[in-house]
Amino acid sequence: MPVSLNMNMAMPSWFDIIGLSPDSQEDEVGIKQAAENVKALIDQEVKNGIPSNRIVLGGFSQGGALSLYTALTTQQKLAGVVALSCWLPLRSSFPEGPISGVNKEIAVLQCHGDCDPLVPLMFGSLTVEKLKSMINPANVTFRTYSGMMHSSCIEEMMDVKQFIDKHLPPVD
C-alpha cells in the first residue's frame, strides 16, 4: 500500500504511517481495519480448534504496534503479546486507567533497541508506561538492547523464546 511517510510509495504495510513523532496524525481507519483483519485470523484459528488463550500475537515495528492494539481491543482472551521495536497506536483513544476487557491480565513482552533511529526508544518507553496503567503492570516486561537499531539481535530472540515457552507451555 502507499505509505505517506515513504513519499506515498508502495511498501508492505498494515496501515498508513503519516509521521514518526508522538503527536503525528495516525491512520485511525487503517489501524482499526488492520486490527479487524487480525481478529478475523484469530477467529479462524479458534474455528480450527486452537483455543484463543493459546495464541500469542506478535510483530516487529508496525506489526508489533498492531499486535498491541489488537490485543487490547479484541474480545478473545489471548496468551500474550510480543511487541518488538514498536509503539501503541491510537494510545489517546484508550481510557486512562485499567481496561475492563478480557485481556486486562495479558502478558506483554516489549523489546526495543536503544539506538533505534526509526522508532526511537522514547516511543517504547511511552508505550510501556501506558500499558502498565491499562493492564496488570506485573505482566508487562520491557527489555532494551544496547546498540541495537531498528532491527533484532540474538539476545532479543532468546527473550522472545523464553516468553513464548512460559506463556505457551506444551500440551499433552
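What you see is a predicted model; the values in this text were computed from it and never measured.

1. Section: the overall build of the protein
Consideration 1: Regarding its fold elements, the protein presents four helices and six strands.
Consideration 2: Taken from the N to the C terminus, the helices and strands of the protein come in the order β-β-α-β-α-β-β-α-β-α.
Consideration 3: Radius of gyration (C-alpha) of the protein: 16 Å, near the 16 Å computed for a compact globule of 172 residues.
Consideration 4: With the C-alpha coordinates aligned to their principal axes, the bounding extent of the protein is approximately 50 × 35 × 30 Å.
Consideration 5: Buried positions account for 42% of the 172 residues belonging to the protein.
Consideration 6: At a minimum sequence separation of 6, the contacts of the protein that also span at least 24 residues come to 68%.
Consideration 7: Carbon together with sulfur atoms contributes 57% to the accessible area of the protein, which is approximately 9,000 Å² in total.

2. Considering the sheet that holds strand 3 (residues 56-60)
Consideration 1: If you walk across this open sheet you meet the four strands as 3-4-5-6, and the pairing is parallel. Bordering the open sheet on either side are strand 3 and strand 6 (140-145), each of which pairs with just one other strand. Along the sheet, successive strands turn relative to each other by an average axial angle of 10°, direction set aside.
Consideration 2: Strand direction decides the pairing type here: strand 5 (residues 107-113) and strand 6, joined by six bridges, are parallel. Note that in strand 6 the partner of Gly113 across the bridge is Tyr145.

3. Concerning the nonpolar core
Consideration 1: In terms of nonpolar packing, the biggest core is built from 32 residues, with Leu68, Leu72 and Ile135 touching the most fellow members.
Consideration 2: Taken together, the elements giving at least two residues each to this core come down to helix 1 (28-47), helix 2 (62-73), strand 4 (80-84) and helix 3 (121-134).
Consideration 3: Considering every element that reaches this core, the biggest residue donor is helix 2, with six residues.
Consideration 4: Here Leu72 is in contact with Leu88, Phe94, Ile99, Leu131, Met134 and Ile135, once residues within four sequence places are set aside.
Consideration 5: Judged by nonpolar contacts, the second largest core, of nine residues, contains Val82, Ala107, Leu109 and Tyr145.

4. Some thoughts on the environment of Met148
Consideration 1: When you line up the elements, Met148 lands in the loop between strand 6 and helix 4 (154-167).
Consideration 2: Not counting the four nearest positions on each side in its chain, Met148 is found in contact with Ser85, His112, Gly113, Asp114, Cys115, Asp116, Cys153 and Glu156.

5. Comments concerning helix 1
Consideration 1: If you check helix 1, its first and last C-alpha atoms are 28 Å apart, about what 20 residues at 1.5 Å a residue would give, namely 28 Å.
Consideration 2: Taken together, the buried positions of helix 1 are Gly30, Ile31, Ala34, Ala35, Val38, Lys39 and Ile42.
Consideration 3: In the core, the buried residues of helix 1 are packed alongside strand 3 and helix 2.
Consideration 4: The positive-phi residue at the C-terminal boundary of helix 1 is Gly49, with phi of around 105°.

6. Some remarks on helix 2
Consideration 1: If you check helix 2, its first and last C-alpha atoms are 17 Å apart, about what twelve residues at 1.5 Å a residue would give, namely 16 Å.
Consideration 2: Here helix 2 lies mainly inside the structure; eleven of its twelve residues are buried.
Consideration 3: Taken residue by residue, helix 2 has Gln62, Gly63, Gly64, Ala65, Leu66, Ser67, Leu68, Tyr69, Thr70, Ala71 and Leu72 as its buried positions.
Consideration 4: Check the buried side of helix 2 and you find it contacts helix 1, strand 3, strand 4, strand 5 and helix 3.

7. Details of the packing of aromatic side chains
Consideration 1: Per the counting criterion, the structure on display carries one aromatic pair.
Consideration 2: Here the aromatic rings of Tyr69 and Phe94 are separated by 5.7 Å at their centres, their planes lie at 65°, and the arrangement is edge-to-face. With a gap of 25 residues between them, Tyr69 in helix 2 and Phe94 in the loop between strand 4 and strand 5 connect regions that are remote in the sequence.
Consideration 3: Overall, Phe94 belongs to the buried group, its relative accessible area being 9%.

Rules used throughout
Residues numbered from 1 in each chain as written. Predicted model: local features only at pLDDT ≥ 70, side-chain atom pairs only at ≥ 80, totals over all residues. Heavy atoms only, no water. Helix = DSSP H or I, 4+ residues; strand = E, 2+ residues; numbered from the N terminus. Rg over C-alpha atoms; globule rule 2.2 N^0.38 Å. Buried < 20%, exposed > 50% of the residue type's maximum accessible area, 1.4 Å probe, protein only. Contact = heavy atoms within 4.5 Å. Areas by Shrake-Rupley, 256 points an atom, 1.4 Å probe, with all protein chains shown as cover. Pairing = 2+ DSSP bridges. Axes fitted to C-alpha atoms, helices over the stretch in contact; angles between N-to-C directions. Core = buried A, V, L, I, M, F, W, Y, C linked by side-chain atoms within 4.5 Å. Expected span 1.5 Å × (residues − 1). Phe/Tyr/Trp six-rings, centres within 6.5 Å; stacked < 30°, edge-to-face > 60°.

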